[in-house]
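Secondary and tertiary structure notes
The residues making up each chain are set out below.
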Amino acid sequence: MVEKLDTQECAAERLDCIRYARASALLSPLKRYLLRLIPVFLHHHSEKLPGYNGPFTPKGIFDFHLNSEDFEACDTLNLQVPVNTNKHNPMIEGVYSMGSTASFGQNSQSDIDVWLIHSKLMSKNQCELLAQKATLLTEWFAQYDFEVNIYLVHPEQFIMAQEDQADLYNCMGHEHSGSAQHWLLLEEFYRSHFRLAGKVIAWWPNAVKNSHLLSLGDAQSLPASEYFGASLWQLYKGVEKPHKALLKVLLLEAYASEYPNTQLVSERIWQRTLEGDFSAGNDAYYLLYESIESYLLKLGDARRLEITRRCFYLKCGVRLSLPEQAKDWRYYKIHQLVEDWGWAPSLVETLDNCEHWHCGQLQWFNEQLNELMLGSYQTLLHFASAHRLSESLRISELGLLTRKLHTYFSEDEHQIMTLNQLWSRSLTESHLSIIYSEQDRNYYLYRCAPHPRNFLQHSAVYHSKSKAKLLVWASLNGVSVEGTRWYEVKKSKRRATFLTTAADRLVGLIDIGSMKVSKLALCQPWHFKKLVFLLNFNSDPTEQWVGQEIMADYLNSNVFSMGKSCSNMLGSIDVISLNSWGEWHCHHFEGQKALLDTLAFVTPGMRRASQDVAMEVISCASKLRSQTERSVKNLLDRTVRLGRDAQESSTLVYPLKVGKIRYGIFFNNRGMHFENLSDAKSFYQQLSKRKLVEIPRPELGNEPFSKIPSVIQDYAARGAIQYFLRPRSEGLDVFILDENNALNHYVQEEIDIEGLVSQVSHHHAFNDSILEREQFNMPQFFKLERLNGKLIALPFGVSKEAYEAEF
């Protein structure tokens, strides 16, 4: 037994050494020193070293001693390290790198993910101090362009989870999936880790416990219930790094296809290691690819296999067509793979030039990745539907993950999707042209000036029913910047100037950086954060107007009802909005009532906002530009003010003439609506004299909202499924608002809130009819509670501490 243990331990240590050497070989000399310093900073804790946060932070790594290379690293960075003394009670069992480092997947942009496995004797307070130090160290390394993410792991975290006990201290950060996946994360650690300091990990199958080895649990016992949470998590990670996430999702799919007799990548690595295979072929990332390849070849799925190969090649970062490419330990293996795949030199050059891909190439690749990821997710969903959700997957996290994914993968025609730039450094174009197709009534965007020969060489990079949406998409993704010239085919040069001016004004108003959201925001109904109104962008009645603008100002004319003909100078309004879920939308309103429809559309989303909504009005009119901008802005400001002033017991009415029709805009504490008052002469005369009238709130009669708590009316938001739950002695009061705010109410007996939430979540996660309609539109759950006599709604399952954390 001792001899067998020695053989296994020696094999594991040798693999550690080889991986450390491979990781170092792919780093610059400075970053090699920085890699060496990670365990040094965690073993020692001194005011003279980075990461110091007080005298009580735990320190000391099991059996760690500084060597000459560590001292050389400290000298190079001018750091003073205390004399190396043996720690009698080291609080850290070991420090390990995991992920793509030291594998084919390591490239110049790769970060270093570090697991710090601490002593089980550490208290929660000590863990918090050590986590604070880890954050400070991450910030220190970042100044050298070296991204190090340190995650605290309890040594019994996975073992306790196997026994259905709660996570210890819940130490894993959001980068490591929280409760969404557990054993799959451990399996990834086993197949990819190498030791920076501390105990050797006993990661091989059926490892025997030993005091100088560290065992985190048996990764072979992968529960089927975890595949669903893991696939959700990889899709979520795919929002930022889709090429990497696609490989992980496809590996899950390959694993699921063999369940319950799955051969894990970590098992294959160990078998080869015991056989003495330490070649480049026994690499975690390469064997991950090989597992996916075998699976897709069995299916005969050539299309997915080709995209997988491109993702693998791009993730590795080895550029075969570049003469200056260093021939490191991966080079010849990748060269052989490319030859075996039969790739043309032109394809290799295109992939190697990925840093200079234009928006069209990027759009195509994004679409392929998203389609494949969603396809894998559907396969895994059918696999998982035979099993209940993993007990460790918290319902609150399920809701947050799916809400974020709904934002990213939404098929809402009004939503503007962002391009994942992947490797591209700049997508900016100097010329952009719009062509309208009478055949399908779509607007098409081309990245060229409007010369006929250009359209033969280029394909459209984006299309939409809304012309404004093309402008917003280009601005949001950095395709259009200040200085980009816009053109519209078959339109005048003057119109092109207006188009360019509008695009320039959008540049400062629309950016991807504003899309970060907190967990609290995702748990609550959406509200507007920013609104931009494009006036007369599609339809411009001012082109036919023959009056003088100075007279319009002098007479203080109503631009919504000008002159004897009562002409409305507002032909169309495009509302560009950013909401609290980080979504950009573009809605189009046209015709005589465009202004009124716009007010009715934006008012609820503005009322739900706790802070002022940023508003900007941009007129694209040929004439009366300043007048239309000013009039609409004033009306919007008045709408906000009246919406806030309206009381529960009364309704405020504001008169407005649009075209030849007299309207009353009604405001109460539930929102606004408008009515044609042309026939109500006495009422309109009263309005005309007083400009604003307060009338008693009429009886609501059979209005569906009249019989429910008012807090539910305040939370009602289109596009989301919302459950409001109130415990009562006779059962659980359940109020449901669907995506269109249709109301349903019933009393559920013999079940508590947690049970109902779990039941409904499982139904929405696996019910096919729901999935066909809205892929990730999981319900939001609120608990109705009374505070100081007032009924309030609290998001279910999210702690106050987590409210402001970004997700």
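A brief structural summary. (Residues numbered from 1 in each chain as written. Predicted model: local features only at pLDDT ≥ 70, side-chain atom pairs only at ≥ 80, totals over all residues. Heavy atoms only, no water.)

**Quick word on the overall build of the protein chain**
Along its length, the protein chain carries 26 helices and 24 strands. Across the 807 residues in the protein chain, those meeting the buried criterion constitute 57%. Considering only intrachain contacts with a sequence separation of at least 6, the fraction spanning at least 24 residues in the protein chain is 69%. Here the protein chain has roughly 36,400 Å² of accessible surface; of this, 48% comes from carbon and sulfur atoms. (Helix = DSSP H or I, 4+ residues; strand = E, 2+ residues; numbered from the N terminus. Buried < 20%, exposed > 50% of the residue type's maximum accessible area, 1.4 Å probe, protein only. Contact = heavy atoms within 4.5 Å. Areas by Shrake-Rupley, 256 points an atom, 1.4 Å probe, with all protein chains shown as cover.)

**Some words on the packing of helix H7 (residues 226-238) against helix H14 (residues 359-384)**
Orientation of H7 relative to H14, taken along the N-to-C sense of each, is 165 degrees, at an axis distance of 9 Å. Relative to H14, H7 is oriented roughly antiparallel. Every pair of crossing elements has a handedness; the one defined by H7 and H14 is left-handed. Residues Tyr227, Phe228, Ser231, Leu232, Leu235 and Gly238 of H7 pack against Met373, Tyr377, Leu380, Leu381, Phe383 and Ala384 of H14. Partitioning the contact of H7 with H14 into residue classes produces ten nonpolar, two polar and no charged. (Axes fitted to C-alpha atoms, helices over the stretch in contact; angles between N-to-C directions. Parallel < 35°, antiparallel > 145°, perpendicular 65-115°, else oblique. Left-handed = near helix turned anticlockwise from the far one by under 90°. Nonpolar A, V, L, I, M, F, W, Y, C, P; charged D, E, K, R; others polar.)

**A look at the pattern of salt bridges**
Scanning all chains against the criterion turns up 26 salt bridges. Taking the shortest distance from any N to any O, the salt bridge between Arg195 and Asp16 comes out at 3.5 Å. Residue Arg195 is located in strand S4 (residues 194-198), and its partner Asp16 is located in helix H1 (residues 2-25); the two are separated by 179 residues in the primary sequence. Across the pair Arg268 and Glu290 runs a salt bridge whose closest N-O atoms are separated by 2.6 Å. With a gap of 22 residues between them, Arg268 in helix H9 (residues 265-274) and Glu290 in helix H10 (residues 284-299) connect regions that are remote in the sequence. Pair check on accessibility: Arg268 and Glu290 agree, each one buried. Bridged by salt links that share partners, the residues Glu13, Asp16 and Arg195 form one connected network. (Salt bridge = Lys/Arg side-chain N within 4 Å of Asp/Glu carboxyl O.)

**A closer look at the packing of aromatic side chains**
Tallying each qualifying case throughout the model produces 43 aromatic pairs. Seen from their ring centres, Phe724 and Phe782 are 5.1 Å apart, and the 15 degrees between their planes marks the pair as stacked. Here Phe724, found in strand S20 (residues 722-728), pairs with Phe782, found in strand S23 (residues 780-787); they are 58 residues apart in sequence, far enough to count as distant. For Phe782, a relative accessible area of 0% puts it in the buried group. The ring of Trp329 is capped by Arg22, whose NZ or CZ atom sits 4.8 Å from the centre of that ring. (Phe/Tyr/Trp six-rings, centres within 6.5 Å; stacked < 30°, edge-to-face > 60°. Lys NZ or Arg CZ within 6 Å of the ring centre and 35° of its normal.)

**Considering the sheet that holds S20**
Strands sit in the order S22-S21-S20-S23-S24 across an open sheet of five strands; the sheet is mixed. Lying at the two open borders of the sheet, with one neighbouring strand each, are strand S22 (743-748) and strand S24 (790-795). The mean angle between the axes of side-by-side strands here comes to 25 degrees, regardless of whether they run parallel or antiparallel. Pairing analysis gives six bridges linking S23 to S24, with the strands arranged antiparallel. Looking at the pairing, Phe782 lines up with Pro795 of S24. (Pairing = 2+ DSSP bridges.)

**Notes on helix H13 (residues 345-352)**
If you check which residues of H13 are buried, you get Leu347, Val348, Leu351 and Asp352. Down the axis of H13, the sector holding all buried residues measures 135 degrees, keeping them to one side. Turned more than 90 degrees away from the buried face of H13, the exposed residues are Pro345 and Ser346. Residues of H13 that are buried sit in contact with helix H11 (302-316) and helix H12 (331-341). (Arc of directions from axis to C-beta.)

**Details of the sheet that holds strand S9 (residues 442-446)**
On the basis of which strands lie adjacent, the open sheet formed by four strands has the order S10-S9-S8-S11 and mixed pairing. Either end of the sheet is taken by a strand with one partner, and the two such strands are strand S10 (462-464) and strand S11 (485-488). Ignoring which end each strand starts from, the neighbouring axes of this sheet average 20 degrees apart. Sheet analysis places strand S8 (residues 431-437) next to S11, joined by four bridges and oriented parallel. Each bridged residue has a counterpart across the sheet, and for Leu432 the counterpart in S11 is Trp486. Sitting on the sheet, helix H18 (residues 493-507) touches S8 and S11, and the angle it makes with S11 is about 135 degrees.

**Digging into the environment of Gln361**
When you line up the elements, Gln361 lands in helix H14. On a C-alpha basis, the gap between Gln361 and Val461 in space is 8.4 Å, while along the polypeptide they are 100 residues apart. Once you skip the residues sitting within four places of it in the chain, Gln361 turns out to touch Thr350 and His356. A distance of 3.0 Å separates a polar side-chain atom of Gln361 from the backbone nitrogen of His358. (Polar contact = N/O pair within 3.5 Å; in protein donor to acceptor, adjacent residues only side chain to side chain.)

**Overview of empty space enclosed by the protein**
In this structure the tally under the stated criterion is six cavities of 30 Å³ or more. Of the volumes computed, that of the largest cavity is approximately 180 Å³. Along the walls of the largest cavity sit 16 residues, with Ser396, Gly399, Pro779, Gln780 and Phe781 positioned nearest its centre. Taken together, the elements giving at least two residues each to the lining of the largest cavity come down to helix H15 (395-409), helix H19 (519-523) and S23. A total of six residues in the lining of the largest cavity trace back to one element, the largest contributor, which is H15. The space that makes up the second largest cavity amounts to roughly 100 Å³. What lines the second largest cavity is a set of ten residues, among which Leu184, Arg191, Gln234, Lys248 and Leu252 lie closest to the centre. (1 Å grid on protein atoms, 1.4 Å probe; cavity = no way out; pocket = protein on both sides within 12 Å on 5 of 7 lines; lining within 4 Å. Points joined across faces, edges and corners; volume = space filled by probe spheres on them.)

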